[in-house]
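For reference, the chains in residue letters:
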Amino acid sequence: MTEFIIIPALPEIFLALAIMVLVIIGVFKISHGDGKKRAFLYKLTMIFLIITGVLVFYGDHGTPEVAMGGMFILDKFAVFVKIVILAAAVFVLTMSFDTLRLKEKPCFEFSILLALSVCGMMVMVSANDLMSLYMGLELQSLSLYVMTALNRTNEKSSEAALKYFMLGALASGILLYGCSLIYGFSGTTNFTRLEAIYGSDVAGEISIGALMGLILVIVGLCFKVSAVPFHMWTPDVYEGASKQVTAFFATAPKVAALALFVRFTSQPFGGLLPEWQQVVIFVAIASMIVGSFGALAQHNIKRLIAYSSIGHAGFILIGLAAGNSEGVQASLIYMAIYMMMNIGVFACILLMKRHDEHVEKISDLSGLNRTNPMFAFVMAVLMFSMAGVPPMAGFFGKFFVLKAALHSELYGLAITGVLASVVSAYYYLRVIKIMYFDPTKDPLDKEAGRETKIVVLVAGLLNLIFFIFPAPLFDAAKLAAESLM
Amino acid sequence: MVEIGIPILSAVIFLPLVGAFFVFIFVRSHVGKQESVDNNARNVTLWVTSVNLLLSLVLLFSFDSNKNGFQFEEKISWIEGYNISYHIGIDGISLFFILLTTFLMPICILASWKSIKNQVREYMVSFLVLETLVIGVFSALDFVLFYFFFEASLIPMFLIIGIWGAEKRVYAAFKFFLYTFLGSVMLLLALIYIYFQAGTTDIPELMKIVPGFSGNEQIWLWLAFLASFAVKVPMWPVHTWLPDAHVQAPTAGSVILAGVLLKLGAYGFLRLSLPLLPYASHYFVPLIYGLSVVAVIYTSLVALMQTDIKKLIAYSSIAHMGFVTIGIFTFNRQGLEGAIFQMLSHGFVSSALFLCVGVLYDRMHTKEIAKYGGLVERMPKFALLFMVFTMASIGLPATSGFVGEFLVLTGAFIDSTTVAALAATGVILGAIYMLWLYKRVVFGKITRDELKNIWDLEKQEVIILVLLAVMVLLLGIYPNFVLGPMHLSVENLITQVSK
């Protein structure tokens with residue numbers, strides 16, 4: 001590979017340059033400005049993200065292209081996931097406008113850090129080399145650590161940031177150690193060459209050292225997707241960070257890390273399916289169980305969603321455990337729907353204000369149906385969607401994941417999955433119960449930002465009427481999965 | 001059959017949904033006019049459900065009972081490329097369940113006209129959505145579509161029990177939802193397994209493919225089906241959600257629960273378990289007989305000891321549904337037709353009984369049997385109508401209850417004398433608890449002062465109950481009205497299950 005191609009990485013390069021522009025504008029013009037100026041920066045970031053999205057969408061030429069001397073790959077899989085990530089980022093930015101109207105305004109850096117971590121995620125998703133994998137991962141992680149701490153005056157936020165940073169650094173270290181072991185035992189860091197050694201076309205033989213490396217990388221990735229037993233940070237960080245940050249946490253980084261997980265296991269190590277499958281199955285089962293039981297006793301809605309996201313990660317990993325393109329397709333469908341559900345839920349959580357102060361106890365929602373029926377309705381739709389009850393979108397995610405599991409004869413996994421979904425239905429229903437069955441105590445503020453309301457409505461509607469026209473998402477996910485396998 | 005240009009079946013399914021949408025979006029409150037909003041919601045809903053009843057009558061009259069296979073079929077690709085389509089159609093079996101639903105809906109709306117006072121708009125929306133979903137289940141000819149409607153029907157019912165129920169409504173709503181949800185996820189797994197094995201979810205197609213599955217596969221799939229349908233029927237020992245749900249639900253909620261939702265489970269047996277898994281269905285006959293006989297005898301005994309009228313009727317529902325499951329698994333014409341007839345009859349009778357309880361509750365705000373007595377002195381009309389429904393519940397000749405029970409017992413007798421004999425004891429027990437209930441509530445002297453001010457049925461209540469009484473007697477005197485159109489479908493089912 002002598003020539004150095006960069007065109008497939010154009011969206012990332014554009015975004016990186018755009019971020020520099022944003023930083024310059026931010027430092028010189030915005031840093032002491034009022035809410036309006038910050039809103040301008042947010043809008044600018046949003047425009048850049050949308051342009052990136054357009055570049056991603058039109059940069060797809062059907063066949064996989066390798067760039068940057070083999071470090072970077074652009075295929076339909078990457079395009080699909082990148083669009084999901086960018087959509088999540090745009091939604092989060094949209095709903096964050098509301099926070100600019102609060103008395104205590106958040107730092108303007110939020111939008112820049114968000115774009116920066118999105119850039120890292122895009123690199124992650126397109127990584128075709130252990131080096132670029134690590135680079136992308138660290139870029140997004142570092143931005144996320146800072147984002148957690150943005151709410152400087154809040155003790156919980158600092159605590160969460162420190163916790164997240166310590167554990168995240170540890171996980172990165174483990175992942176890096178795994179990478180070095182793989183490099184040491186196989187002599188290459190490139191995915192294409194690794195695939196030639198361990199791929200699905202070759203008989204899966206692996207030295208114990210490289211296997212250790214593989215497992216360590218998986219451990220690092222499990223941390224990033226907050227899969228059990230590496231999930232401990234999730235509830236604390238979700239609770240500590242400000243709402244818009246948590247909204248971002250629960251969506252884009254999860255999707256990116258899961259996509260990386262999928263690519264890393266099924267492409268370079270596709271031939272070692274029996275080796276990593278057991279690990280993934282265990283992690284999936286444990287995540288679903290912890291996710292569903294852990295959430296039962298939560299009083300804080302963000303902690304509840306944290307546990308729910310652990311459970312959802314378990315479900316997405318079911319698709320991966322299936323170990324074929326059908327499974328990957330299911331995972332991708334689930335990821336897209338998961339993103340949509342979480343965006344909606346967090347937009348609702350952002351609306352939870354009382355006397356202009358954010359509140360986040362589940363009991364704060366009580367009797368919402370009578371004071372704010374539309375909000376309650378959307379929240380109920382999203383809760384049913386998360387529980388996977390038809391006709392909501394969540395049902396289809398569950399359907400395809402379970403189909404993949406049954407097709408690969410992973411009966412135990414499928415049964416655990418549905419049982420966990422029954423348990424988790426309980427706490428989703430509890431939220432609905434509090435909104436609909438309980439008496440109104442102290443109503444929430446009614447006025448809210450137009451932008452957040454739009455996000456709430458869009459997310460609610462997408463979840464509610466997804467069933468009418470679901471085929472395009474399924475087809476896109478299918479093409480993406482086939483490009484990977 | 002008369003070809004009708006418009007997709008009439010889809011119209012029947014989705015008209016209530018359109019109505020719900022209308023009520024939800026357009027019937028809005030302006031400050032200080034809550035009452036008129038509520039009234040508008042009630043009126044619109046009543047109109048929508050009544051028009052839907054008329055539409056479904058069109059189905060009845062243009063239904064050709066000599067035609068084999070499904071009628072009013074519509075098939076539109078839904079999830080393209082995955083062989084999952086929006087495929088609906090009805091046969092002689094589903095026709096009457098749809099009619100039962102459309103008939104009971106306006107009655108439910110009328111019955112809740114005065115008793116529901118808060119959040120009327122949402123209440124009406126829930127009922128309309130529920131109607132769409134239930135009719136959808138009865139007409140779905142695609143497994144995914146079936147499951148879709150089947151499970152989605154949990155949502156409105158959960159809200160109906162939870163928002164408008166009695167004191168312990170939250171507990172009852174959760175129990176109802178989680179019990180049923182646990183059952184239906186098993187059905188989901190079975191559905192997915194069948195889907196990727198057969199490559200399609202079209203029920204008529206599956207009827208050709210799935211019976212060829214190996215015995216072992218069939219047995220597991222059948223058990224997964226059972227997990228879902230048994231909870232819904234409900235069969236002993238997974239019935240415990242039902243008394244709670246009934247006692248806590250508002251009157252109309254109980255009516256729709258007993259009248260229609262319980263039938264979804266048995267309908268699942270008829271539409272899916274029997275024709276798709278004939279081998280396993282035969283294999284598990286002893287299990288079903290066993291559970292059903294226990295249900296009939298045990299729950300009748302339990303009903304005998306209840307102190308709450310609504311709970312007593314709820315337990316009697318379980319016993320009656322025990323007859324239904326026996327009838328279904330006799331696999332002969334008498335049994336199957338008896339079971340279907342019994343379901344329809346139970347749909348009218350138990351609905352009527354719950355409405356009667358509702359009448360008493362609205363006046364005295366208690367459902368304790370001991371708090372009543374001597375009502376005949378103050379409420380002669382009520383006593384008469386309540387008598388009709390009590391007799392129908394017991395299965396007195398000339399009421400619909402008799403035909404159903406008689407046919408089921410005949411069918412069971414052909415298959416197994418023991419089962420028939422045991423099930424027949426249920427009839428006797430049924431007579432004991434119903435008559436004793438009637439005696440305690442209606443006869444005797446008025447002992448309590450509060451009862452002296454109780455007033456007889458109002459016009460609206462009379463209309464509702466008389467309508468139901470007419471149906472009960474009509475079916476009892478001229479059962480062929482219902483049995484005629486279903487003969488052919490039942491024959492087909494029998495051929496299919498004996499493969």
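Residues numbered from 1 in each chain as written. Chains lettered and ligands numbered in written order. Predicted model: local features only at pLDDT ≥ 70, side-chain atom pairs only at ≥ 80, totals over all residues.

Draft legend 1. Structural detail: the overall build of chain A. Along the backbone of chain A there are 19 helices and four strands. A globule of 485 residues ought to have a C-alpha radius of gyration of about 23 Å, and chain A, at 21 Å, matches this closely. Counting only C-alpha atoms and orienting by the principal axes, one finds that chain A spans roughly 65 × 55 × 40 Å. A total of 485 residues make up chain A; the buried ones form 63% of that total. Summarising the internal contacts of chain A: among those between residues at least 6 apart in sequence, 82% fall at separations of at least 24. (Helix = DSSP H or I, 4+ residues; strand = E, 2+ residues; numbered from the N terminus. Rg over C-alpha atoms; globule rule 2.2 N^0.38 Å. Buried ≥ 20, exposed ≤ 12 C-beta atoms within 10 Å, placed from the backbone. Contact = placed C-beta atoms within 7 Å.)

Draft legend 2. Just the overall build of chain B, in detail. The secondary structure content of chain B amounts to 21 helices and two strands. Here the C-alpha radius of gyration of chain B, 22 Å, is about what a compact globule of 499 residues would show, namely 23 Å. Counting only C-alpha atoms and orienting by the principal axes, one finds that chain B spans roughly 70 × 60 × 40 Å. By the burial criterion, 61% of the 499 residues in chain B qualify as buried.

Draft legend 3. Local environment of the interface of chain B and chain A. Taken together, the contact between chain B and chain A spans 26 residues of the former and 23 residues of the latter. Counting only elements with at least two residues in the side of chain B that touches chain A, the list comes to α5 (143-152), α6 (154-164) and α7 (169-198) of chain B. Top element by residues in the side of chain B that touches chain A is α7(B). It accounts for 14 residues. Partitioned by chemical class, the residues of the side of chain B that touches chain A number 21 nonpolar, two polar and three charged. (Nonpolar A, V, L, I, M, F, W, Y, C, P; charged D, E, K, R; others polar.)

Draft legend 4. Spotlight on the nonpolar core. Residues A:Ile85, A:Val118 and B:Leu189 are the most contacted members of the largest nonpolar core, which totals 405 residues. Counting residues per element, this core draws most heavily on helix α13 (residues 325-351) of chain A, at 20 residues. What B:Leu189 contacts, discounting residues up to four positions off in sequence, is A:Leu402, A:Leu406, A:Ala414, A:Val418 and B:Ala224. (Core = buried A, V, L, I, M, F, W, Y, C linked by C-beta atoms within 7 Å.)

Draft legend 5. Fine view of the confidence of the model for chain B. Per-chain confidence: chain B averages 86 in pLDDT, with 98% of residues scoring 70 or above. Reported confidences for the modelled complex are a pTM of 0.91 and an ipTM of 0.89. (pLDDT = per-residue confidence, 0-100.)

Draft legend 6. Looking closely at the environment of A:Tyr177. Following the sequence through the fold, A:Tyr177 ends up in helix α6 (residues 155-186). Note on A:Tyr177: 16 C-beta atoms within 10 Å, which makes it partly exposed.

Draft legend 7. Structural view of the packing of helix α18 (residues 400-415) of chain B against helix α20 (residues 459-477) of chain B. Residue and element names in this part refer to chain B. Closest axis-to-axis distance for the α18/α20 pair is 6 Å, and the angle between their directions is 45 degrees. It follows that α18 is oblique to α20 by the angle criterion. The residues of α20 that touch α18, namely those facing Ser 400, Phe 402 and Val 403, are Val 472, Leu 475 and Gly 476. Of the residues that constitute the contact of α18 with α20, the class distribution is four nonpolar, two polar and no charged. (Axes fitted to C-alpha atoms, helices over the stretch in contact; angles between N-to-C directions. Parallel < 35°, antiparallel > 145°, perpendicular 65-115°, else oblique.)

Draft legend 8. The arrangement of the pairing of strand β1 (residues 71-79) of chain B in detail. Residue and element names in this part refer to chain B. Bridge analysis of β1 against strand β2 (residues 84-90) gives six bridges, and the strand direction is antiparallel. Bridge assignment links Ser 77 to a residue of β2, and that residue is Ser 85. Count of turn residues in the β1/β2 antiparallel hairpin: four residues, of which Gly 81 carries a positive phi of about 80 degrees. (Pairing = 2+ DSSP bridges.)

Draft legend 9. Spatial organisation of helix α1 (residues 8-26) of chain B. Residue and element names in this part refer to chain B. Spanning 19 residues, α1 covers 25 Å between terminal C-alpha atoms, matching the ideal 27 Å at 1.5 Å per step. Along α1, the sharpest change in direction is near 40 degrees and occurs at Phe 14; proline Pro 16 comes one to four residues later. Listed as buried for α1 are Leu 9, Val 12, Ile 13, Leu 15, Pro 16, Gly 19, Ala 20 and Val 23. Looking at the buried residues of α1, the elements they touch are α2 (34-61), β1, β2, α3 (92-111) and α4 (120-139). (Expected span 1.5 Å × (residues − 1). Bend = angle between axes of the 7 residues up to and from the residue.)

Draft legend 10. Spotlight on the environment of A:Ala425. Mapped onto the secondary structure, A:Ala425 falls in helix α17 (residues 411-436). Assessed through the 24 C-beta atoms surrounding it within 10 Å, A:Ala425 is described here as buried. Through-space distance from the C-alpha of A:Ala425 to that of A:Val389 is 8.8 Å; in sequence the pair is 36 residues apart. With residues up to four places along the chain from it excluded, the contact list for A:Ala425 reads A:Ala387, B:Leu178 and B:Phe181.

Draft legend 11. Quick look at the packing of helix α14 (residues 309-328) of chain B against α18(B). Residue and element names in this part refer to chain B. Where α14 meets α18, the axes come as close as 9 Å, and the angle between the chain directions of the two elements is 45 degrees. Our classification of the angle between α14 and α18 gives oblique. When you trace α14 past α18, the crossing you get is left-handed. Across the interface between the two elements, Phe 323, Ile 326 and Gly 327 of α14 pack against Glu 405, Val 408, Gly 411 and Ala 412 of α18. Among the residues making up the contact of α14 with α18, the classes are represented as four nonpolar, two polar and one charged. (Left-handed = near helix turned anticlockwise from the far one by under 90°.)

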